[in-house]
Every structure is written in structure tokens, then in C-alpha cells.
Protein chains: 2
Amino acid sequence: MIVIVAYDISDDYKRDRAAKLLLSMGFQRIQRSLYAARGGREKARQVAAALKRIIDPVTDRVDIILVHDHTWETRIVIGEGANIPGAKPKPGVTLA
Amino acid sequence: MIVIVAYDISDDYKRDRAAKLLLSMGFQRIQRSLYAARGGREKARQVAAALKRIIDPVTDRVDIILVHDHTWETRIVIGEGANIPGAKPKPGVTLA
């Protein structure tokens, strides 16, 4: 399974802490606020508990989605994201 | 099925156009750069083709993921995202 984390965090310091936390938990940066890692429900719970301690529960938002490997590997990717610090460009997987 | 769109677009004008496009295609804003709509592979292809015409293929990045309703409904949501213009707060669905 793949754990996908998307966050929308207003405060720069909190956002930076969240990014560092995710990288330290083995997540790969896909986009500035989109990360993915191999893992299951337990990993999803762990990252949720850890992010809960960082974000502002009113202004900010985190969505954590658990998908099958196939779902992730067959997603459509457009663009290289060369501006995204730390993100590894992945050749697009086009369904068309 | 649910079509999830996450984008990372550097240019303000292009990002605004992408947001308007997604809303016009019936997507709901979940986070600033995360949208979701009911739909299948064809909707995923259509939104991909439309976004391809907007983004900068080198600097920007779009990931489009097609998931089952259950996968989306059982995602973990933390925070209300009150700062996110247009996003409808959704009570958290916690797996824990």
C-alpha cells in the first residue's frame, strides 16, 4: 500500500516542521505539499498523530489517503515539477 | 470512483486558471492545491488534458489519482482548514 499525505499549512515554521517530519518518516516529496511512502494503516495513523501535534487545527488541513500500489503507479502525472525542492521527477504515467 | 487532483503550479495566473478550470469541471476544493470530484478514468483523462494546456511542463507538476469511494471516505482528515478559500470543512474521518 501507499500512504499519501497532502497538507495545507499556513504558518511557515509549522509547514517546515511538517515537511521535515514526513521526510524523517521515509516519505518522498512528490509536490511541495504532497508526499507519499510505502506503508499501511499503521503508518497512516502514526503520521496522522505526529502531524496533529504540529498543525493548527483550525486554519490548517491534512488529508491522508491509503491506496493500493497499482492505484498510485497508474496515476496520471503531468509536468516535471523542476521547481519543487527535493521532489524527484517521475516520468508521467498517462492513462490515455 | 473519486478523481483526486493535486497540483504544484508556480505562476499565480496559471494556478488561478487551474483552480477555475477544476471548479468549472465540478471538482470540490479540499485544500488550496487539492481537489476531488466523483468520476472515473474518462474524467481523469479530461482534466489531465485540460490542465496540460495550462501548466508549465517543466516547473509545474500535477498528480491525478483515481480511487474508490471507500478509499476517499475513509481517509484521515486533520484540521478544519478554515484558511482555505472555498474549501468546505469536512469532519475528520479518523481510522484510529
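Up top you'll find the structure we're talking about.
Residues numbered from 1 in each chain as written. Chains lettered and ligands numbered in written order. Predicted model: local features only at pLDDT ≥ 70, side-chain atom pairs only at ≥ 80, totals over all residues. Heavy atoms only, no water.

Visitor: How do you make sense of the sheet that holds strand β2 (residues 28–31) of chain A when you look at a structure like this?
Guide: Remark on secondary structure: sheet strands pair via backbone hydrogen bonds, oriented parallel or antiparallel. Read across the open sheet, the five strands follow the order β2(A)-β3(A)-β1(A)-β4(A)-β5(B); overall the sheet is antiparallel. A single partner strand is all that each edge strand has here, and the edge strands are β2 of chain A together with β5 (76–78) of chain B. Here the strands of the sheet are splayed against their neighbours by 20° on average, with no regard to which way each runs. Note that strand β1 (residues 2–8) of chain A and strand β4 (residues 61–67) of chain A share seven bridges and pair antiparallel. By the bridge assignment for β4(A), A:Ala6 is matched with A:Asp63. (Pairing = 2+ DSSP bridges. Helix = DSSP H or I, 4+ residues; strand = E, 2+ residues; numbered from the N terminus. Axes fitted to C-alpha atoms, helices over the stretch in contact; angles between N-to-C directions.)

Visitor: Looking at this structure, I do not really get the nonpolar core. What am I missing?
Guide: Generally speaking, a soluble globular protein has its nonpolar side chains buried in company with each other. Counting residues in each nonpolar core, the largest one holds 24 residues, and the members touching the most others are A:Val5, A:Phe27, A:Leu51 and A:Ile64. Looking at this core, the elements that each hand over two or more residues are β1, α1 (12–24), β3 (34–38), α2 (41–52) and β4 of chain A together with β5 of chain B. A total of five residues in this core trace back to one element, the largest contributor, which is α2(A). Discounting chain neighbours no more than four positions away, the residues touching A:Leu51 are A:Val5, A:Ala18, A:Leu21, A:Leu22, A:Val62 and B:Ile78. (Core = buried A, V, L, I, M, F, W, Y, C linked by side-chain atoms within 4.5 Å. Buried < 20%, exposed > 50% of the residue type's maximum accessible area, 1.4 Å probe, protein only. Contact = heavy atoms within 4.5 Å.)

Visitor: Any chance you could explain the packing of helix α1 (residues 12–24) of chain B against helix α2 (residues 41–52) of chain B here in plain terms?
Guide: Helix-helix packing is characterised by the crossing angle of the two axes and by the distance between the axes. Residue and element names in this part refer to chain B. Here α1 crosses α2 at 155°, and the two axes come no closer than 10 Å. Here α2 runs roughly antiparallel to α1, going by the angle between their axes. Considering the relative orientation of α1 and α2, their crossing is right-handed. Together, Ala18, Leu21 and Leu22 of α1 and Val47, Ala50 and Leu51 of α2 make up the contact between the two elements. (Parallel < 35°, antiparallel > 145°, perpendicular 65-115°, else oblique. Left-handed = near helix turned anticlockwise from the far one by under 90°.)

Visitor: So what exactly am I meant to see when it comes to the pattern of salt bridges here?
Guide: Two side chains of opposite charge can pair, provided their charged atoms sit close to one another. Residue and element names in this part refer to chain A. One pass over the full model with this rule turns up 14 salt bridges over all chains. Of the charged contacts, one joins Asp16 and Lys20 as a salt bridge, the two residues approaching to 2.7 Å between their closest N and O atoms. Here Lys20 and Asp16 lie together in helix α1, a separation of four residues that amounts to about one turn. Residue Asp16 is classed as partly exposed on the basis of its relative accessible area, which comes to 39%. (Salt bridge = Lys/Arg side-chain N within 4 Å of Asp/Glu carboxyl O.)

Visitor: What exactly am I supposed to notice about the relation of the copies chain B and chain A here?
Guide: Put simply, the two copies of the chain differ by a rotation about an axis and a shift along that axis. For the pair chain B and chain A, the relating rotation is 180°, the translation along its axis is 0.0 Å, and the fit reaches an RMSD of 0.0 Å. Read as a symmetry element, the transformation amounts to a two-fold axis. Minimal C-alpha separation from the rotation axis in chain B is found for B:Val67, amounting to 3.7 Å. (Least-squares fit on C-alpha atoms with pLDDT ≥ 70 in both.)

Visitor: Help me understand the side chain of B:Asp60 in this model?
Guide: With respect to the element layout, B:Asp60 can be found in the loop between α2 and β4 (61–67). One buried charged residue, B:Asp60, remains without a salt bridge, the closest side chain of opposite sign being B:Lys14 at 6.0 Å. (Lys, Arg positive; Asp, Glu negative; His and termini not counted.)

Visitor: Quick question: what am I supposed to make of the sheet that holds strand β2 (residues 28–31) of chain B here?
Guide: With respect to topology, five strands assemble into an open sheet ordered β5(A)-β4(B)-β1(B)-β3(B)-β2(B), the strand pairing being antiparallel. The open sheet has two edge strands with one neighbour each: β5 (76–78) of chain A together with β2 of chain B. On average, each strand axis in the sheet is inclined to that of its neighbour by 20°, with strand direction left out of account. With three bridges joining them, β2(B) and strand β3 (residues 34–38) of chain B adopt antiparallel strand pairing. Counterpart to B:Gln28 in the pairing with β3(B) is B:Ala36. In the packing of α2(B) onto the sheet, the strands contacted are β5 of chain A together with β1 (2–8), β3 and β4 of chain B, and the crossing angle to β5(A) comes to about 5°.

Visitor: Whenever I open this one, the pairing of β1(A) confuses me. Can you help?
Guide: All names here are of chain A. In terms of burial, β1 is a largely internal element, seven of the seven residues being buried. Both β1 and β3 contribute to a ladder of five bridges, which runs antiparallel. When the sheet's bridge partners are listed, Ile2 is paired in β3 with Arg38.

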